[in-house]
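Now for the letters of each chain:
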Amino acid sequence: GAVVSQHPSWVICKSGTSVKIECRSLDFQATTMFWYRQFPKQSLMLMATSNEGSKATYEQGVEKDKFLINHASLTLSTLTVTSAHPEDSSFYICSARVGLAGGHEQFFGPGTRLTVL
Amino acid sequence: KNQVEQSPQSLIILEGKNCTLQCNYTVSPFSNLRWYKQDTGRGPVSLTIMTFSENTKSNGRYTATLDADTKQSSLHITASQLSDSASYICVGRGNYQLIWGAGTKLIIKP
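Throughout what follows, the structure given in this document is the object of discussion.

Reading guide: rules and limits
- Residues numbered from 1 in each chain as written.
- Chains lettered and ligands numbered in written order.
- Predicted model: local features only at pLDDT ≥ 70, side-chain atom pairs only at ≥ 80, totals over all residues.
- Heavy atoms only, no water.
- Disulfide = S-S within 2.5 Å.
- Helix = DSSP H or I, 4+ residues; strand = E, 2+ residues; numbered from the N terminus.
- Buried < 20%, exposed > 50% of the residue type's maximum accessible area, 1.4 Å probe, protein only.
- Contact = heavy atoms within 4.5 Å.
- Buried area = accessible area lost by both parts, 1.4 Å probe.
- Salt bridge = Lys/Arg side-chain N within 4 Å of Asp/Glu carboxyl O.
- Pairing = 2+ DSSP bridges.
- Axes fitted to C-alpha atoms, helices over the stretch in contact; angles between N-to-C directions.
- Phe/Tyr/Trp six-rings, centres within 6.5 Å; stacked < 30°, edge-to-face > 60°.
- Lys NZ or Arg CZ within 6 Å of the ring centre and 35° of its normal.

Focus on the state of the cysteines
Put plainly, a disulfide is one covalent bond tying together the sulfur atoms of two cysteines.
Then step 1. Following the criterion strictly, the structure yields 2 disulfides over all chains and no others.
Then step 2. What pairs with C23 of chain A in a disulfide is C94 of chain A, and their sulfur atoms sit 2.0 Å apart. Of note, the bridge from C23 of chain A to C94 of chain A carries an S-S torsion of about 80° and is right-handed in sense. With C23 of chain A in strand β3 (residues 19-25) and C94 of chain A in strand β9 (residues 90-100), the pair connects residues that are 71 residues apart, well separated along the chain. Each member of the pair, C23 of chain A together with C94 of chain A, is buried.
Then step 3. Put simply, C23 of chain B and C90 of chain B are joined by a disulfide, and their sulfur atoms are 2.0 Å apart. Across the S-S bond linking C23 of chain B and C90 of chain B, the dihedral sits near -70°, which makes this disulfide left-handed.

Thoughts on the interface of chain B and chain A
Often, the extent of an interface is quoted as the loss of accessible area on bringing the components together.
Then step 1. Taken together, the contact between chain B and chain A spans 14 residues of the former and 12 residues of the latter.
Then step 2. Here chain B and chain A share an interface that buries about 1,100 Å² over both sides, 51% of which is from carbon and sulfur atoms.
Then step 3. At the boundary of chain B and chain A, one finds 1 salt bridge.
Then step 4. Across the pair E105 of chain A and R34 of chain B runs a salt bridge, and its minimum N-O distance is 3.0 Å.

Some thoughts on the sheet that holds strand β1 (residues 3-7) of chain B
Residue and element names in this part refer to chain B.
Then step 1. Spatial strand order, β1-β3-β8-β7-β6: 5 strands in an open sheet with antiparallel pairing. Looking at the sheet topology across the chains shown, the edges are occupied by β1 and β6 (56-59). With strand direction ignored, the average angle separating the axes of adjacent strands in the sheet is 15°.
Then step 2. The pairing of strand β3 (residues 19-26) with strand β8 (residues 72-77) spans 6 bridges and is classified as antiparallel. Looking at the pairing, C23 lines up with S73 of β8.

A word on the pairing of strand β7 (residues 67-73) of chain A
All names here are of chain A.
Then step 1. Sheet topology note: the β7/strand β8 (residues 76-81) ladder contains 5 bridges and is antiparallel. Across the sheet, residue N70 finds its bridge partner in β8, namely T78.
Then step 2. Taking the residues between adjacent antiparallel strands as the criterion, β7 and β8 are bridged by 2 residues.

Thoughts on the pattern of salt bridges
Residues and elements named next belong to chain A.
Then step 1. Scanning the model with the defined rule gives 5 salt bridges over all chains in all.
Then step 2. A salt bridge links E22 to R24, with the nearest nitrogen and oxygen atoms 3.4 Å apart.
Then step 3. With relative accessibility at 23%, the residue E22 sits in the partly exposed group.
Then step 4. For R24, a relative accessible area of 33% corresponds to the partly exposed category.

Side note on the packing of aromatic side chains
Then step 1. For the structure shown, the criterion picks out 9 aromatic pairs over all chains.
Then step 2. For the pair Y36 of chain A and W100 of chain B, a centre-to-centre distance of 5.5 Å together with 70° between the ring planes defines the contact as edge-to-face. Here the residue Y36 of chain A occupies a position in strand β4 (residues 32-38), and W100 of chain B occupies one in strand β10 (residues 98-100), the pair thus bridging two chains.
Then step 3. Residue classification places W100 of chain B among the buried positions, given a relative accessible area of 12%.
Then step 4. Geometrically, the ring pair formed by F67 of chain A and Y92 of chain A is tilted, given 6.4 Å between the ring centres and 40° between the ring planes. A residue pair is termed long-range when its members are at least 10 positions apart, and F67 of chain A in strand β7 and Y92 of chain A in strand β9 qualify at 25 residues.
Then step 5. In this structure an aromatic cluster arises from ring pairing among Y36 and F108 of chain A together with Y36 and W100 of chain B.
Then step 6. Against the face of F67 of chain A rests K66 of chain A, its NZ or CZ located 6.0 Å from the ring centre.
Then step 7. Here the guanidinium or amino end of R61 of chain B rests over the ring plane of Y62 of chain B, the centre of that ring lying 5.8 Å away.

Quick look at the sheet that holds strand β1 (residues 4-7) of chain A
Working definition: the strands of a sheet are paired by backbone hydrogen bonds and lie parallel or antiparallel to each other.
Residues and elements named next belong to chain A.
Then step 1. With antiparallel pairing, 4 strands are arranged side by side in an open sheet as β1-β3-β8-β7. The open sheet has two edge strands, β1 and β7, and neither has a second partner. Neighbour-to-neighbour, the strand axes of the sheet open up by a mean angle of 15°, direction not taken into account.
Then step 2. Pairing of β3 with β8 involves 6 bridges; the strand directions are antiparallel. Paired with E22 across the strands is T78, a residue of β8.

Scope: geometric values only; no functional claims are made or implied.
Printed below as a string of structure tokens:
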């Protein structure tokens, strides 16, 4: 159980275009999902926290108008990179939080490799 | 300032050998400490989660230790296999946030 999927697994796009990445919890409902970005040889950096039915909370330095997050259902959150530029090329990973006995746990998706030409 | 530091940055060992990865953390308030395995081009997968009251926890060939007094943790891998090649990330959980270490890149050579 607790499987998180992402689609697409990789995408190449031209500079200036927008790219949408989907994150789905396959066998559980997640009121909270997280979006991370990971540059080569670096650890994950939290971009935003996505709550179902409400606006996302963005980390300092992350442009909310550039990285649009929609969490319309308990199993789906989307990240849209608008007007992508080469510096947005990165590995984007989502995670979904699920309540367990004794607390919460995050389960991570497989990631989406974005390359902007 | 909350932070997690890992060492070594990278490590190469021969298949079958053991190794130990280190993690020093400053996370306040401290909730728990996690070790994740991240294969190249994949999302992290949880190996262990330890609260301050737990000193050691095992998951197969992976054994994590935690010293809440010195704020240090280690991940010991026994009888390494080629599939253990990955980045191992130490993560401290504070108040509703995860503090990520930079990871140790482990390479297992045949």
